[in-house]
Amino acid sequence: MARGHSELTRQIYGERFPQRKDYGKNDDNFEFGMTDYLRISGMYWGLTALELLNQTHSTSQEEIVAYVKNCQDPESGGISACFGHDPHLLHTLSAVQILAMYDKLDAIDTEGVVKYVTALQQPDGSFTGDKWGEVDTRFSFCAVATLSLLKRLDAIDVDNAVKFVESCMNFDGGFGSRPLSESHAGLIYCCLGFLSVTNRLDIVKRDVLAWWLCERQLPSGGLNGRPEKLPDVCYSWWVLSSLTLLGRLHWISGEKLKKFILACQDTESGGFSDRPGDVPDPYHSVFGLAALSLLGQPEIKTVNPTYCMPQHVIDRMQLTPQILR
Ligand SMILES: COc1ccc(S(=O)(=O)N2Cc3cc(C#N)ccc3N(Cc3cncn3C)C[C@H]2Cc2ccccc2)cc1
Ligand SMILES: [Zn+2]
């Protein structure tokens with residue numbers, strides 16, 4: 001099993017390794033400034049990793065909730081990665097996931113979030129990521145995941161949103177960013193997560209897609225995101241969660257994959273990197289842990305394959321995203 005839980009905690013907060021990457025409160029250091037653009041998502045990655053490890057964290061929930069609240073744009077209702085940045089669907093979802101984990105959704109203007117998400121739906125059913133207009137199936141998932149966590153899926157045209165995602169399905173059963181875009185494991189997870197939330201997994205070519213997904217496994221045991229690409233720990237999550245939603249997790253070798261994921265854990269800090277020997281980070285740490293959870297690692301709490309959040313949070317919220325058995 002992954003080395004000490006507290007080592008990963010230190011990796012994320014850097015308290016015991018000041019010379020190492022400090023993701024902590026030291027807001028005048030270089031890394032802190034250079035990661036402003038992803039801060040609230042970085043918080044979701046780090047805090048979810050700690051929740052899956054059943055670790056309390058050194059930063060108080062009140063401080064975290066206050067930070068998230070401060071990132072909500074009063075005008076649009078959207079939430080940004082960092083105070084003063086533009087709101088975006090990616091970060092709005094991360095913010096709602098964090099608050100849902102702590103049962104503190106009432107700390108923000110939830111109707112403002114509903115207004116922001118609803119305003120991003122396009123006539124063809126798709127969603128843009130923000131006001132600058134980039135359409136991507138990633139944002140379809142962010143939209144319905146956010147609204148379902150707020151119990152407000154009624155605010156959008158779900159049937160039209162499903163029609164757009166269905167239009168992005170390829171001959172290989174996979175999905176891309178937009179119609180006719182190449183299949184990619186990350187987008188397949190987003191589209192299956194979208195269909196799981198909207199209870200429309202019936203439209204998927206189940207075994208054609210499951211076959212494409214299990215062919216992501218390489219001799220190293222690791223998974224890649226597209227044919228001919230290198231393995232990467234974050235694809236462990238995208239592919240495994242997708243196979244779990246399809247009821248086909250057993251189509252890959254869990255033992256070989258577990259060996260690859262553990263080979264990516266940094267022996268000094270406890271964090272996970274994309275590939276063995278690379279620098280660890282909170283993103284690959286949470287997706288490595290979440291993948292190990294799907295593989296049944298007993299020391300890690302059960303993760304929900306649709307939301308990438310602790311299952312006990314989804315249960316408390318009485319959410320029942322569709323999963324094919
Ligand atoms: C280190 O250069 C980067 C490059 C991009 C980004 S990013 O745009 O914010 N982002 C999130 C991300 C976070 C971290 C961490 N900590 C590290 C990487 C990484 N990538 C890049 C990556 C991951 N696997 C291989 N690659 C090259 C994905 C990317 C896109 C994404 C955003 C949100 C949700 C899912 C995926 C951040 C850092
Ligand atoms: Zn990666």
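Residues numbered from 1 in each chain as written. Chains lettered and ligands numbered in written order. Predicted model: local features only at pLDDT ≥ 70, side-chain atom pairs only at ≥ 80, totals over all residues. Heavy atoms only, no water.

### Some points on the overall build of the protein
Within the protein, the regular secondary structure consists of 14 helices and two strands. Over its C-alpha trace the protein gives a radius of gyration of 19 Å, about what one expects of a compact globule, namely 20 Å for 325 residues. Counting only C-alpha atoms, the protein reaches 50 × 50 × 35 Å along its principal axes. Looking at the protein as a whole, 61% of its 325 residues are labelled buried. Contacts spanning at least 24 positions in sequence make up 66% of the contacts within the protein whose residues lie at least 6 apart. Taken together, the 30 basic and 40 acidic charged side chains of the protein have centroids lying 5 Å from each other. (Helix = DSSP H or I, 4+ residues; strand = E, 2+ residues; numbered from the N terminus. Rg over C-alpha atoms; globule rule 2.2 N^0.38 Å. Buried < 20%, exposed > 50% of the residue type's maximum accessible area, 1.4 Å probe, protein only. Contact = heavy atoms within 4.5 Å. Lys, Arg positive; Asp, Glu negative; His and termini not counted. Charge placed at Lys NZ, Arg CZ, Asp CG, Glu CD.)

### With respect to helix α8 (residues 158-166)
Note: α-helices contain 3.6 residues per turn, so residues at a spacing of three or four share the same orientation. The complete set of buried residues in α8 reads N160, A161, V162, F164 and V165. Buried residues along α8 sit against α7 (137-149) and α9 (185-197). Where α8 begins, one side-chain oxygen reaches toward the backbone nitrogen of D159, 3.4 Å away; that side chain belongs to D157. (Polar contact = N/O pair within 3.5 Å; in protein donor to acceptor, adjacent residues only side chain to side chain.)

### Things to note about the pattern of salt bridges
A side chain with one charge may pair with a side chain of the opposite charge, provided their charged atoms come close. In total, this model carries ten salt bridges according to the counting rule given. Among the salt bridges present, the one from D154 reaches R152, with a minimum N-O distance of 3.0 Å. Accessibility expressed as a relative area gives 56% for D154, which makes it exposed. Looking at R152, the relative accessible area reads 22%, which means it is partly exposed. Its salt-bridge partner being D274, residue R275 comes within 3.6 Å of it at the nearest N-O pair. (Salt bridge = Lys/Arg side-chain N within 4 Å of Asp/Glu carboxyl O.)

### With respect to the coordination of the zinc ion (ligand 2)
Summarising the metal site, the zinc ion (ligand 2) is bound by the protein donors D232 (OD), D232 (OD), C234 (SG) and H284 (NE2), whose distances to it range over 2.1 to 2.4 Å. Along the chain, the residues that donate to the zinc ion (ligand 2) are spaced as D-x1-C-x49-H. For C234, a relative accessible area of 5% gives the class buried. (Donors = N, O, S within 2.8 Å, 3.2 Å for Na, K, Ca; no water.)

### A few points about the environment of F127
Relative to the helices and strands, F127 resides in the loop between α6 (110-119) and α7. When the C-alpha atoms of F127 and F141 are compared, they prove to be 9.0 Å apart, with 14 residues separating the residues in sequence.

### A few points about the packing of aromatic side chains
In total, this model carries eight aromatic pairs according to the counting rule given. Ring plane angle 80 degrees and centroid distance 6.4 Å describe the contact between W211 and W251, whose orientation is recorded as edge-to-face. Of this pair, W211 sits in helix α10 (residues 206-214) while W251 sits in the loop between α11 (233-245) and α12 (254-263); the two residues are 40 residues apart in sequence, bridging distant segments of the chain. With relative accessibility at 52%, the residue W211 sits in the exposed group. (Phe/Tyr/Trp six-rings, centres within 6.5 Å; stacked < 30°, edge-to-face > 60°.)

### Focus: the site of ligand 1
Around ligand 1, the surrounding shell consists of Y37, L38, W45, D232, C234, D281, P282, Y283 and H284. Here a nitrogen atom of ligand 1 sits 3.2 Å away from a polar atom, N or O, in the side chain of H284. Out of a free accessible area of 670 Å², ligand 1 has 51% covered by protein chains. Classifying every residue of the shell around ligand 1 gives six nonpolar, one polar and two charged. (Near = heavy atom within 4 Å. Areas by Shrake-Rupley, 256 points an atom, 1.4 Å probe, with all protein chains shown as cover. Nonpolar A, V, L, I, M, F, W, Y, C, P; charged D, E, K, R; others polar.)

### Re the confidence of the model for the protein
Of all residues in the protein, 92% attain a pLDDT of 70 or more, and the chain-wide mean is 93. Segment residues 16-23: pLDDT under 50, and 19 contacts once partners within four positions in sequence are set aside and those in other chains are kept. Both confidence scores are given for the complex: pTM 0.92, ipTM 0.97. (pLDDT = per-residue confidence, 0-100.)

### Details of the environment of E134
Tracing the sequence through the fold places E134 in the loop between α6 and α7. Ignoring anything within four residues of it in the chain, the contact list for E134 reads F127, T128, G129 and F139.

### Description of the state of the cysteines
One pass over the full model with this rule turns up zero disulfides. No disulfide involves C214; its nearest neighbouring cysteine sulfur is the one of C234, lying 19 Å away. Since its relative accessible area comes to 15%, C214 is described here as buried. A disulfide-free cysteine, C264 has its sulfur positioned 10 Å from the sulfur of C234, the nearest such atom. (Disulfide = S-S within 2.5 Å.)

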